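Read off the chains here:
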Amino acid sequence: SIALASDEFRRECAERGMGIISFTVVAASGISAADVEGTSDPYCVCRVGSESVKTTTKLKTLRPVWNEQFSLPITSSDRCMTVSILDWDRFGSNDEIGSVSVSLDSLEAGQTMDGWFRIDGRRGAAGTLLVVVKNAADLPAMDLNGKSDPYCVMQFVRPDGTKERTSAKRTRTISKTLDPVWEETYALAVPRGDSELRVDVWDWDAIGYDDHLGSVQVALSALTPGVRTQRSFAIEIAPNAMSPHRTKPAMITMELCYIPSNEAPDGMLRLLVQVESWDDDMANNQYLSLASGDPHAFSAAQAIEKELGKRAKVDPNLLVRSKGYQEWAKRGVHNVVDLS
């Protein structure tokens with residue numbers, strides 16, 4: 001069901017000269033897994049024009065149920081509602097799972113639309129790479145205390161070395177250690193075309209530039225699609241971090257799972273949507289609150305209702321304010337054919 005907007009929200013929209021759209025984000029089914037456990041932590045961001053609202057986050061599920069109700073202001077130029085489904089991450093940025101665009105062109109005021117909408121996956125992605133950065137061992141010491149403050153940056157690189165910076169993710173920094181433990185999970189959208197995962201390990205510095213400790217590159221062709229693989233990789237030490245005293249190779253351990261796009265279903269999202277009123281339902285819905293006892297209020301309200309038929313019920317304490325309001329007042333309150 002849909003909970004219609006409160007009287008206070010209606011009055012706020014009226015004062016802004018805007019209509020109202022009310023909707024319920026019901027549930028989703030078959031969304032893509034964004035976490036290495038094979039689940040996601042999804043939430044929705046719903047946007048109409050410049051206004052937006054957000055649902056709560058549902059943890060570890062591919063079939064979230066929200067049943068959450070919202071109202072947003074709307075104008076006659078806002079003919080589309082966009083719902084983005086994202087995966088919440090405790091560390092790093094949240095990943096977009098997909099989105100739904102709902103056309104509002106066919107909706108009359110007061111009409112309800114109830115349907116399942118296909119979720120469009122991330123544009124241009126060849127699939128999803130789930131990465132758990134577990135730990136590293138025997139990293140180079142770059143600080144005077146014989147330790148480092150390591151963190152990792154993950155991104156895809158092309159054969160020519162070009163970095164896909166839009167895919168970059170960064171772990172948190174672990175202070176004063178050569179054997180950091182992260183245990184952090186990330187979902188990276190794999191770009192189309194030839195690319196490999198590159199993991200750079202850095203030493204954070206409070207003053208000056210961070211020091212590059214080394215890197216690892218992983219070819220996706222070495223991974224079996226849909227199968228989790230845990231491996232320890234030898235880190236290629238950066239020239240500035242080389243030391244003749246090193247006796248052990250630096251290693252980083254990760255768990256990887258590559259899910260091609262054809263194995264990651266787009267899924268469906270159910271929405272209940274009702275446009276309570278368009279801003280042009282009452283001459284662009286630009287209301288003016290009249291002083292109590294205005295002799296024109298009730299006759300003007302009756303005239304507007306007659307003109308609009310069953311599309312709207314006009315509060316006699318609220319009248320249209322538009323660029324033609326003064327002219328309309330001079331012509332008489334019953335002539336409401338051309339208020340804009």
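This section reports on the structure supplied with the text. Because the structure is a prediction, the values reported are computed rather than measured.

With respect to the nonpolar core
Link 1 in the chain: Of all hydrophobic cores here, the largest spans 31 residues; its most connected members are L129, V131, L197 and I252.
Link 2 in the chain: Elements with a minimum of two residues in this core: β9 (125–137), β10 (150–157), β12 (181–191), β13 (196–203), β14 (211–219) and β17 (251–260).
Link 3 in the chain: Element by element, the count of residues in this core is highest for β9, at five residues.
Link 4 in the chain: Ranked by size, the runner-up nonpolar core spans 29 residues in total, among them F23, C44, C46 and V275.

What to know about the pattern of salt bridges
Link 1 in the chain: Evaluation of the coordinates by the stated rule reveals seven salt bridges.
Link 2 in the chain: D114 is paired through a salt bridge with R270; the nearest N and O atoms lie 2.9 Å apart. Note that D114 is positioned in strand β7 (residues 112–118) and R270 in strand β18 (residues 268–277), a separation of 156 residues in sequence.
Link 3 in the chain: As a salt-bridge pair, E183 and K134 come within 3.2 Å of each other at their nearest N and O atoms. Of this pair, E183 sits in strand β12 while K134 sits in strand β9, and the two are 49 residues apart along the sequence.

Here we look at the packing of aromatic side chains
Link 1 in the chain: All told, the structure shown has one aromatic pair when counted by the stated rule.
Link 2 in the chain: Between F23 and F70, the aromatic rings sit 5.8 Å apart at their centres with planes inclined by 35°, giving tilted as the arrangement. Of this pair, F23 sits in strand β1 (residues 19–29) while F70 sits in strand β4 (residues 65–74), placing them 47 residues apart in sequence. The exposure classification of F23 matches that of F70, with both residues buried.
Link 3 in the chain: Over the ring of Y43 we find K54; its NZ or CZ atom is 5.4 Å from the centre of that ring.
Link 4 in the chain: Directly above the aromatic system of Y151 lies the positively charged group of R170, at a separation of 3.7 Å from the ring centroid.

Some remarks on unusual backbone geometry
Link 1 in the chain: For N67, which is not glycine, the phi dihedral falls at a positive 50°.
Link 2 in the chain: Within the fold, N67 resides in strand β4.
Link 3 in the chain: A positive phi angle is found at D138, which is not glycine, with a value near 60°.
Link 4 in the chain: In this structure, D138 sits in the loop between β9 and β10.

What about helix α1 (residues 7–15)?
Three or four residues apart is the spacing at which side chains of an α-helix point the same way, because the helix has 3.6 residues per turn.
Link 1 in the chain: Buried within α1 we find F9, C13 and A14. Taken around the axis of α1, the buried residues stretch over an arc of 140°, which confines them to a single face. Opposite its buried face, α1 presents the exposed residues D7, E8 and E15, each directed more than 90 degrees away.
Link 2 in the chain: Just past α1, the residue G17 takes up positive phi, approximately 70°.

Quick look at the pairing of strand β5 (residues 80–87)
Link 1 in the chain: Within β5, six of the eight residues are buried, which leaves it mostly tucked inside the rest of the structure.
Link 2 in the chain: Sheet topology note: the strand β2 (residues 42–48)/β5 ladder contains six bridges and is antiparallel. The residue of β5 that forms the bridge with V45 is S84.
Link 3 in the chain: Sheet topology places β5 next to strand β6 (residues 95–103); eight bridges connect them, and they run antiparallel. Across the sheet, M81 pairs through a bridge with V102, a residue of β6.

A few points about the sheet that holds β18
Link 1 in the chain: Spatial strand order, β4-β1-β18-β7: four strands in an open sheet with antiparallel pairing. Bordering the open sheet on either side are β4 and β7, each of which pairs with just one other strand. The sheet shows a mean angle of 20° between the axes of neighbouring strands, taken without regard to direction.
Link 2 in the chain: Bridge analysis of β1 against β4 gives eight bridges, and the strand direction is antiparallel. The partner of A27 across the bridge, within β4, is V65.

What counts and what doesn't
Residues numbered from 1 in each chain as written. Predicted model: local features only at pLDDT ≥ 70, side-chain atom pairs only at ≥ 80, totals over all residues. Heavy atoms only, no water. Core = buried A, V, L, I, M, F, W, Y, C linked by side-chain atoms within 4.5 Å. Buried < 20%, exposed > 50% of the residue type's maximum accessible area, 1.4 Å probe, protein only. Helix = DSSP H or I, 4+ residues; strand = E, 2+ residues; numbered from the N terminus. Salt bridge = Lys/Arg side-chain N within 4 Å of Asp/Glu carboxyl O. Phe/Tyr/Trp six-rings, centres within 6.5 Å; stacked < 30°, edge-to-face > 60°. Lys NZ or Arg CZ within 6 Å of the ring centre and 35° of its normal. Arc of directions from axis to C-beta. Pairing = 2+ DSSP bridges. Axes fitted to C-alpha atoms, helices over the stretch in contact; angles between N-to-C directions.

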